[in-house]
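# Structural features, examined
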Amino acid sequence: MRFDDFFTQYHDLTVQLLQKQKHLSDLPDGYISEKKISGKSYSYLQKRVNGKMQSRYLSAEEVSVVRQALSLRNQLQEDLDSLSKWIEALEKAAKILDSSLLHQMISLKQCMQMDHLPVNIRKSSLSFANAMLALEGVVPKPDAISHLVAWSEGRNSFSEGYQAVLNKYNLAVGHTL
C-alpha cells in the first residue's frame, strides 16, 4: 500500500514546524514591564531563567519593536502547537495504517531536525558521536564518516548519509528521505 500524499503532508508540516521553531528561537522571550523611578518611566524585557528573574532595559525606540516581536512570538507558538497536533495525528494514523510508514516518517523528522542544527553545533555533535563510538569500540565505515563530515560542514543533508547507509545494508523501504 502506498501513502505518498500522507508522507508528503507529513514532510511539509515538519518543514513548517522546523522553520517556525527556528524563527521562534530568534525572537525575544518574556514580557515588557514598566517601572517608574523618580517620576520617569523605564521599560524592561523580563523573563524567568532557571527560577531567577532576568531583566534587560529597553530604550524608548526598542519598546515597540520588542512588543511586536513578542506578539509575533505568541502567534508562532500558537502555530507550533497546531502543527505539532497535526503531526502527532498523522503519526498516530500511520501507526494504525502501516508501521513501516510510521518508521519512515519518524526517520524523516529526525533527519530534518539534524539538518536544522547550526553548523557549529553539528561539529560538536559529530565530535560527541565519535567519542561515544570510540568508547563502545565501534569503528564507523569510511563512507559513513565522509557523509557525516560533509553534513557537519553543511555540504549535504543528514538524510543523504542516512539513506546511503540504509541502501548499503538493504534496509531502505518506501520513501527516499
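None of the values given here were measured: they were computed from a predicted structure. (Residues numbered from 1 in each chain as written. Predicted model: local features only at pLDDT ≥ 70, side-chain atom pairs only at ≥ 80, totals over all residues. Heavy atoms only, no water.)

## Points about unusual backbone geometry
Look at Ser38: it is not a glycine, yet its phi comes out positive at around 50°. Within the chain, Asn50 stands out as a residue other than glycine whose phi angle is a positive 50°. As for its position among the elements, Asn50 is in the loop between β2 (40-49) and β3 (52-58). (Helix = DSSP H or I, 4+ residues; strand = E, 2+ residues; numbered from the N terminus.)

## Description of the nonpolar core
Within the largest apolar cluster, 21 residues are counted, with the highest numbers of intra-cluster contacts made by Phe6, Tyr10, Leu90, Ala94, Leu101 and Met105. Going through the elements one at a time, α1 (4-25), α2 (60-97) and α3 (99-115) are the ones with two or more residues in this core. Sequence-distant contacts of Phe6, defined by excluding residues within four places in its chain, comprise Leu90, Ala93, Ala94, Leu97, Leu101 and Met105. Leu45, Leu58, Val63 and Leu70 belong to the second-largest nonpolar core, a separate cluster that totals six residues. (Core = buried A, V, L, I, M, F, W, Y, C linked by side-chain atoms within 4.5 Å. Buried < 20%, exposed > 50% of the residue type's maximum accessible area, 1.4 Å probe, protein only. Contact = heavy atoms within 4.5 Å.)

## With respect to helix α6 (residues 158-168)
All of the buried residues in α6 are Phe158, Ser159, Gly161, Gln163 and Leu166. Elements in contact with the buried residues of α6: α3 and α5 (142-152).

## Here's the deal with the confidence of the model for the protein chain
On average, residues of the protein chain score 90 in pLDDT, and 95% of them are at 70 or above. For the protein chain, per-element mean pLDDT is lowest for α6, which scores 84, and highest for α2, which scores 96. (pLDDT = per-residue confidence, 0-100.)

## So, the pattern of salt bridges
Under the defined criterion, the tally for this structure stands at seven salt bridges. With a closest N to O distance of 3.3 Å, Lys20 and Asp79 form a salt bridge. Here Asp79 lies in helix α2 and Lys20 lies in helix α1, a separation of 59 residues in the sequence. The class for Lys20 is partly exposed, based on a relative accessible area of 23%. Of the charged contacts in the structure, one is a salt bridge between Glu88 and Lys92, with a shortest N-O distance of 3.3 Å. Here Glu88 pairs with Lys92, and both are found in helix α2, just four residues apart, close to one helical turn. Taking the relative accessible area as the measure of exposure, Glu88 reaches 43% and is therefore partly exposed. Owing to a relative accessible area of 51%, Lys92 belongs among the exposed residues under this scheme. (Salt bridge = Lys/Arg side-chain N within 4 Å of Asp/Glu carboxyl O.)

## Side note on the pairing of strand β1 (residues 31-37)
In this sheet, β2 lies alongside β1 in antiparallel orientation, the contact comprising seven bridges. Across the sheet, Tyr31 pairs through a bridge with Gln46, a residue of β2. From the end of β1 to the start of β2, which pair antiparallel, there are two residues, and Ser38 there has a positive phi angle of about 50°. (Pairing = 2+ DSSP bridges.)

## Re α3
Across its 17 residues, α3 extends 24 Å between first and last C-alpha, which sits within 8% of the 24 Å expected from 1.5 Å per residue. Looking at the packing, one finds that the buried side of α3 touches α1, α2 and α6. (Expected span 1.5 Å × (residues − 1).)

## Quick look at the environment of Cys111
Tracing the backbone shows Cys111 in helix α3. In the structure, Cys111 is positioned 47 residues away from Phe158 in sequence and 5.7 Å away in space, judged by C-alpha atoms.

## Quick word on a nonpolar patch on the surface
Among the surface-exposed residues, Phe128, Met132 and Leu135 lie close enough to one another that they form a single nonpolar patch of about 360 Å² accessible area. One can find Leu135 in helix α4 (residues 119-136). (Patch = residues over 30% accessible without salt bridge, like charges linked within 9 Å, V, L, I, M, F, W, Y side chains within 5 Å. Areas by Shrake-Rupley, 256 points an atom, 1.4 Å probe, with all protein chains shown as cover.)

## Observations regarding the packing of aromatic side chains
Scanning the entire structure with this criterion turns up three aromatic pairs. Centroid distance Tyr42 to Tyr57: 6.2 Å. Interplanar angle 55°. Geometry classified as tilted. One end of the pair, Tyr42, is in strand β2; the other, Tyr57, is in strand β3, and 15 residues separate them in sequence. Its relative accessible area of 26% is what places Tyr42 among the partly exposed residues. The exposure class assigned to Tyr57 is partly exposed, which follows from its relative accessible area of 45%. Site record: aromatic cluster; members linked through ring pairs are Tyr42, Tyr44 and Tyr57. The ring of Tyr44 carries Lys35 above its face, with NZ or CZ at 5.1 Å from the centroid. (Phe/Tyr/Trp six-rings, centres within 6.5 Å; stacked < 30°, edge-to-face > 60°. Lys NZ or Arg CZ within 6 Å of the ring centre and 35° of its normal.)

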